[in-house]
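Chain residues, written in single-letter form:
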Amino acid sequence: MAIGSVAYFDANASTPVDPRVAEAMVAALTELPGNPSSGHMAGRAARRAIEVARLEVAALLDAKLPNEIVFTSGGSESNVTAIRAALAACPDRREVVTSTVEHAAVNATLDRLAMTDGITIRRVPVDGNGCLDLDAYRAALGADTALVTLMTANNETGTLFPIADLVPAAHAAGALFHTDAVQAAGRLHLSVASTGVDMASISAHKLHGPKGVGALYIRCGTTFSSLITGGGQERNRRAGTENVPGIVGFGVAARLALMDAKTDDTAQLRNRLEAEIATVLPNTIVLGDRAARLANTACLAFPGSDAEMMLHRLDRAGIAASSGSACASGGSAPSHVLLAMGLGHLAGSTVRFSLSRFNTDADVDHLIEVLPVVARESRILEIVA
Ligand SMILES: Cc1ncc(COP(=O)(O)O)c(C=O)c1O
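Owing to the predicted nature of the structure, the values given are computational and were not obtained by experimental measurement.

Draft legend 1. Quick peek at the layout of surface pockets. Its volume calculated, the largest pocket comes out at about 410 Å³. Considering the residues around the largest pocket, the lining is formed by 22 residues, among which Gly-186, Arg-187, Leu-188, Ala-261 and Asp-264 are closest to the centre. Those elements giving two or more residues to the lining of the largest pocket turn out to be helix 9 (244-260) and helix 10 (266-280). For the lining of the largest pocket, the leading source of residues is helix 9, giving 3 residues.

Draft legend 2. Structural detail: the domain arrangement of the protein chain. Split into domains, the protein chain comes out as domain 1 (2-17 + 265-377) and domain 2 (19-259). Here domain 1 and domain 2 have C-alpha centroids that lie 27 Å from each other. Taken together, the 30 residues of domain 1 in the interface contact 35 residues of domain 2. Both faces considered, domain 1 and domain 2 share a buried interface measuring about 2600 Å² in area, 54% of it formed by carbon and sulfur atoms. Of all residues in domain 1, the largest losses of buried area upon contact with domain 2 belong to Val-17, Leu-294 and Arg-357, amounting jointly to 25% of the total for that side. Inspection of the domain 1/domain 2 interface yields 0 salt bridges. Across the contact surface, domain 1 and domain 2 share 19 residue pairs in polar contact (both at pLDDT 80 or more). Every element with two or more residues in the side of domain 1 that touches domain 2 is listed here: strand 11 (297-301), helix 12 (324-329) and helix 13 (336-340). Ranked by residues supplied to the side of domain 1 that touches domain 2, first place goes to helix 13 with 4 residues. Among the residues forming the side of domain 1 that touches domain 2, the class breakdown is 15 nonpolar, 10 polar and 5 charged.

Draft legend 3. Fine view of the site of the ligand. Near the ligand lie 13 residues; those nearest to it are Ser-76, Asp-180, Gln-183, Ser-203 and Lys-206. Interatomic distance of 3.5 Å between a side-chain N/O atom of His-103 and an oxygen atom of the ligand. Within the side chain of Lys-206, a nitrogen or oxygen atom sits 2.6 Å from an oxygen atom of the ligand. When the free accessible area of the ligand is taken as 390 Å², the share hidden by the protein chains comes to 86%.

Draft legend 4. Spotlight on empty space enclosed by the protein. Within the structure shown, the criterion is met by 1 cavity of 30 Å³ or more. Its volume calculated, the largest cavity comes out at about 40 Å³. Around the largest cavity, the lining residues are Val-101, Gly-130, Met-151, Asn-154, Thr-157, Thr-159, Phe-161, Val-337 and Met-341. Per-class residue counts for the lining of the largest cavity are 5 nonpolar, 4 polar and no charged.

Conventions and cut-offs
Residues numbered from 1 in each chain as written. Predicted model: local features only at pLDDT ≥ 70, side-chain atom pairs only at ≥ 80, totals over all residues. Heavy atoms only, no water. 1 Å grid on protein atoms, 1.4 Å probe; cavity = no way out; pocket = protein on both sides within 12 Å on 5 of 7 lines; lining within 4 Å. Points joined across faces, edges and corners; volume = space filled by probe spheres on them. Helix = DSSP H or I, 4+ residues; strand = E, 2+ residues; numbered from the N terminus. Domains from an automatic or database assignment. Contact = heavy atoms within 4.5 Å. Buried area = accessible area lost by both parts, 1.4 Å probe. Salt bridge = Lys/Arg side-chain N within 4 Å of Asp/Glu carboxyl O. Polar contact = N/O pair within 3.5 Å; in protein donor to acceptor, adjacent residues only side chain to side chain. Nonpolar A, V, L, I, M, F, W, Y, C, P; charged D, E, K, R; others polar. Near = heavy atom within 4 Å. Areas by Shrake-Rupley, 256 points an atom, 1.4 Å probe, with all protein chains shown as cover.

In structure tokens form, the structure reads like this:
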């Protein structure tokens, strides 16, 4: 989608709000003044709007019951809530199994818990394509494992973890299973009912909804304690007056993601982008190309070029993309994901182009036109053949 004059290839950072979402949110802002906890008509109308959205988000995740959905402020809050709730539910168990490529919201929370509560964190490695080492995963599980937290799709490379295959071993060890599905929701068919996860995090702004709204799926019957305490909202699972317009927008975004899935041609566009870049810049390396991965993500290394310089030049040419390092932190530290994949030497040369159903062929045409010059002007060293 050209936003203003920008070809926007940073959907994994955030997506443009769908106009139909915006319209519903404006209506909620102006027409639903009541507090959803109030018993009067205005309160009841706001409550109804939230419950409609809950049904829509439950459908997106294929949850059995709408009440398995708790609205939060986003993917980060959902992740932190899930991790802390799982540890509180199993006080006798002191270990968490995760991977080396999780999002900062998981990583930093686990590091904090290791420091403050002495929790042992077992980080399972990945291979050069970002695939989880399944033997190491099984070996990491044990009688002390309280929780497994593994992402469904990686935000930098798009690589998928086979969640449905990973859950049974965690359950056999008596652990809960949480997945950070923030990048997967709206881009893949998800079914929490059939994968058997106990908790799953999603975020509205990755699927053309508003920023600052997310959800945590909590399987019915899972012992749970809330992170934010106070009033009894969200059935005592998340205190605070609900973000009614945000939740309404999230519901519409979830419905549209399901509706538009059939006509979504993001995969063809991403494949075209990768094929044409390989033609104009044959040295380009597609990271994660041997793994099952999201159809919208192209994580590309341009050996010999500096990613930050490229991003700056692309930005000046009206193209928004990102590097692994910047998407997580806004800084320039090497991406922990690429380091974990053993690709540290490429970390400074890797640019992520992430697409959505709003991208067009014209966006790709523009990128292909400017990229060879951008890569050449951003060279940091000569490659010796
Ligand atoms: C995999 C993953 N998890 C969690 C988050 C955090 O989501 P939010 O921005 O809604 O807090 C992100 C956002 O980039 C993400 O990519």
